Amino acid sequence: MPRALSRIASTHQRALHSLRARAVAHASVASRRGAHSRVMTKAHAHSAVTSTDANWVPLRDMHADELRLKYTLPTGQSFRWRPRGSSESDYVGVIGARVVRVRETVNGDAEYKVYCRPASESDDDDDRVVRDYFNADVSLVDMHAGFAANDARFRALAPYVGGSRMLRQDASECLFSFICSSNNHISRIHGMVEKMCVHYGDVLPVTAADVAIDDVDEKIEPEEAAAVKGDEAFYTFPSVSQILAKATEERLRELGFGYRAKFIVGAAKVLAENPDGKSPEAYLASLRDEKTYAEAHEALMACPGIGPKVSACACLFSLDKHEAIPVDTHVWQFAVEHYMPELREAKSVTPKIMRAVEDKMFDIFGPYAGWAHNAMFIAELKSIKESLPEELRTPRRATPGSASKAAKKLKIKDEPKPPETLPPA
């Protein structure tokens, strides 16, 4: 597998760029403070969050075979991360109320820097939060070895998708982000999620100029980054309560959300009026900690705009339902080509077809089938697929037919049958 492009410049270049960036930062400190002042006067400023003077911290045990950022952050799990410079190994995003930068060093190890955090927390909490977000206590190497032992297709792909790790996101953020994903493409989803944060979330005490100080890519002048985007702020994703209090269908439509506007408002209301009488956050936490995949999947579909695929995404990416398989066109195509040719005649991905794929993947890969699916899904993305040997590329030869005939032929059961228990994450 080709190594990712190194984003760490030589020691001399790093020092030079750092000095330039810091000089510009100090020269513009007055204007930047003014920018902070203008931003922080907004009504939803997050006064309980403070900036930090943190240094880069190793993300323990996260070597290249455990975490590759380009296979993890920009591949459709989360829509809060942005690459820095021309590299695919340096990203900035927001985790809760933290602005976090994560990058790979020259030897492939991951490290992170936190620019702000809740005022009541410390750098020890940073480590806990970042590790939790990246599911860092799960050994991807061991897991992939088990998948490879069970399946020839995975065994062939494994050298090309190492480090494709699953995230453990905030459940509310993940759910509403995937409501925005309906019939959409990634760049537009990014834009919608950002609009939700800017208009309904809390502004954080960090600007793009603060982040630009750490830019060392020779293709981007830190002075230019600080000058052009110095006032750009970072925001938390809004809580369900904030969405209920501030968002309206009319305003969301004005912001470009289209038909998804009513689903966002409607889903927030359903979560607030959940059958357990809990706060929305506590209710979602109970789906993670107390419910099976089948129960959580069904509960989320009570929200308008959430069908089987979006519910499976939220279950897999935020609710610890590691066996969930969100089935889209890519997944259906590789399932038909490599595992279930009997589904070739299906003309759409119905709930029964999705359950059939989930059952098949579980039979092969076990309780963490969703992680195997994720690696194989990444191998279907255009940028990754083009780097694979020709014999490993899934051909586009699945043809439309009759979904009902395929379902009848399989005698697919009406109810999903996920495992009763999961191994600890």
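Going by the structure above, here's the rest.
What this report covers is the structure whose coordinates are included nearby. Please read all numbers here as calculations on a predicted model, not as lab measurements. (Residues numbered from 1 in each chain as written. Predicted model: local features only at pLDDT ≥ 70, side-chain atom pairs only at ≥ 80, totals over all residues. Heavy atoms only, no water.)

With that out of the way, let us pick up the sheet that holds strand β3 (residues 82-83). Taken in spatial order, the five strands make up an open sheet running β2-β6-β5-β4-β3, and their pairing is antiparallel. Looking at the sheet topology across the chains shown, the edges are occupied by β2 (57-58) and β3. (Pairing = 2+ DSSP bridges. Helix = DSSP H or I, 4+ residues; strand = E, 2+ residues; numbered from the N terminus.)

Relative to the assigned elements, G93 resides in strand β4 (residues 90-95). Taking the relative accessible area as the measure of exposure, G93 reaches 1% and is therefore buried. (Buried < 20%, exposed > 50% of the residue type's maximum accessible area, 1.4 Å probe, protein only.)

Glancing now at the pattern of salt bridges. Applying the stated criterion across every chain yields a total of 24 salt bridges. E254 is the partner of R251 in a salt bridge, and the nearest nitrogen-oxygen pair spans 3.2 Å. Residue R251 and its partner E254 are both found in helix α11 (residues 249-254); the two are separated by three residues, about one turn of the helix. With relative accessibility at 34%, the residue R251 sits in the partly exposed group. We classify E254 as exposed; its relative accessible area is 53%. Between E290 and K278 there is a salt bridge, with its nearest N and O atoms 3.9 Å apart. In this pair, E290 sits in the loop between α13 (280-289) and α14 (293-300) while K278 sits in the loop between α12 (260-272) and α13, placing the two residues twelve residues apart along the sequence. Look at K278 and you get partly exposed, because its relative accessible area is 28%. When salt bridges that share partners are traced, they join R84, D90, R101 and D215 into one network. (Salt bridge = Lys/Arg side-chain N within 4 Å of Asp/Glu carboxyl O.)

In the Ramachandran plot, N135 falls in the positive-phi region, its phi being about 50° despite a non-glycine side chain. By the secondary structure assignment, N135 is in the loop between α3 (123-133) and α4 (140-150). Positioned with a positive phi, N183 is a non-glycine residue whose angle comes to about 50°. Topologically, N183 is positioned in the loop between α6 (171-180) and α7 (186-200). Judged by its relative accessible area of 69%, N183 is exposed.

In this section: the packing of aromatic side chains. One pass over the structure, following the stated rule, counts eleven aromatic pairs. Both rings, one in F147 and one in F154, keep their centres 5.3 Å apart while their planes meet at 75°; by these two values the pair is edge-to-face. In this pair, the class of F147 matches that of F154, namely buried. Members of the aromatic cluster, joined through ring pairs, are F147, F154, Y339 and F365. Sitting over the ring of W56, R103 keeps its end group 3.5 Å from the ring centre. (Phe/Tyr/Trp six-rings, centres within 6.5 Å; stacked < 30°, edge-to-face > 60°. Lys NZ or Arg CZ within 6 Å of the ring centre and 35° of its normal.)

Packed helices, taken two at a time, are described by their axes: the angle between them and the distance between them. Two elements in contact, α14 and helix α15 (residues 308-318), have axes whose closest approach is 9 Å; the angle formed by their N-to-C orientations is 125°. Classified by the angle between their axes, α14 and α15 sit oblique to one another. Relative to α15, α14 is oriented so that their crossing is right-handed. For the pair α14 and α15, the contacting residues are Y293, A296, H297 and L300 in the first and P308, S311, A312, A314 and C315 in the second. Partitioning the contact of α14 with α15 into residue classes produces seven nonpolar, two polar and no charged. (Axes fitted to C-alpha atoms, helices over the stretch in contact; angles between N-to-C directions. Parallel < 35°, antiparallel > 145°, perpendicular 65-115°, else oblique. Left-handed = near helix turned anticlockwise from the far one by under 90°. Contact = heavy atoms within 4.5 Å. Nonpolar A, V, L, I, M, F, W, Y, C, P; charged D, E, K, R; others polar.)

Here the focus is the nonpolar core. In this structure, F176, F257, I264, L300, V357, M361 and F365 are the most contacted members of the largest nonpolar core, which totals 89 residues. Here F176 is in contact with M196, F237, V240, I243, I264, A267, A268 and L271, once residues within four sequence places are set aside. Judged by nonpolar contacts, the second largest core, of 19 residues, contains L59, M62, W81 and L167. (Core = buried A, V, L, I, M, F, W, Y, C linked by side-chain atoms within 4.5 Å.)

Counting through the fold element by element, S164 comes out in the loop between α5 (152-157) and α6. According to the relative accessible area criterion, S164 is buried, its value standing at 0%. Polar side-chain contacts of S164 include one of 2.7 Å to the backbone oxygen of V161. When sequence neighbours within four positions are dropped, the list of residues in contact with S164 reads Y71, T72, L140, H144, N374, A375 and I378. (Polar contact = N/O pair within 3.5 Å; in protein donor to acceptor, adjacent residues only side chain to side chain.)

A separate point is helix α17 (residues 351-365). With 15 residues, α17 extends 21 Å between its outermost C-alpha atoms, agreeing within 8% with the 21 Å of an ideal straight helix rising 1.5 Å per residue. Of the residues making up α17, those classed as buried are I353, M354, R355, A356, V357, E358, M361, I364 and F365. Just downstream of α17 lies G366, where phi reads positive at about 85°. (Expected span 1.5 Å × (residues − 1).)

Coordinates in, geometry out; function isn't part of it.
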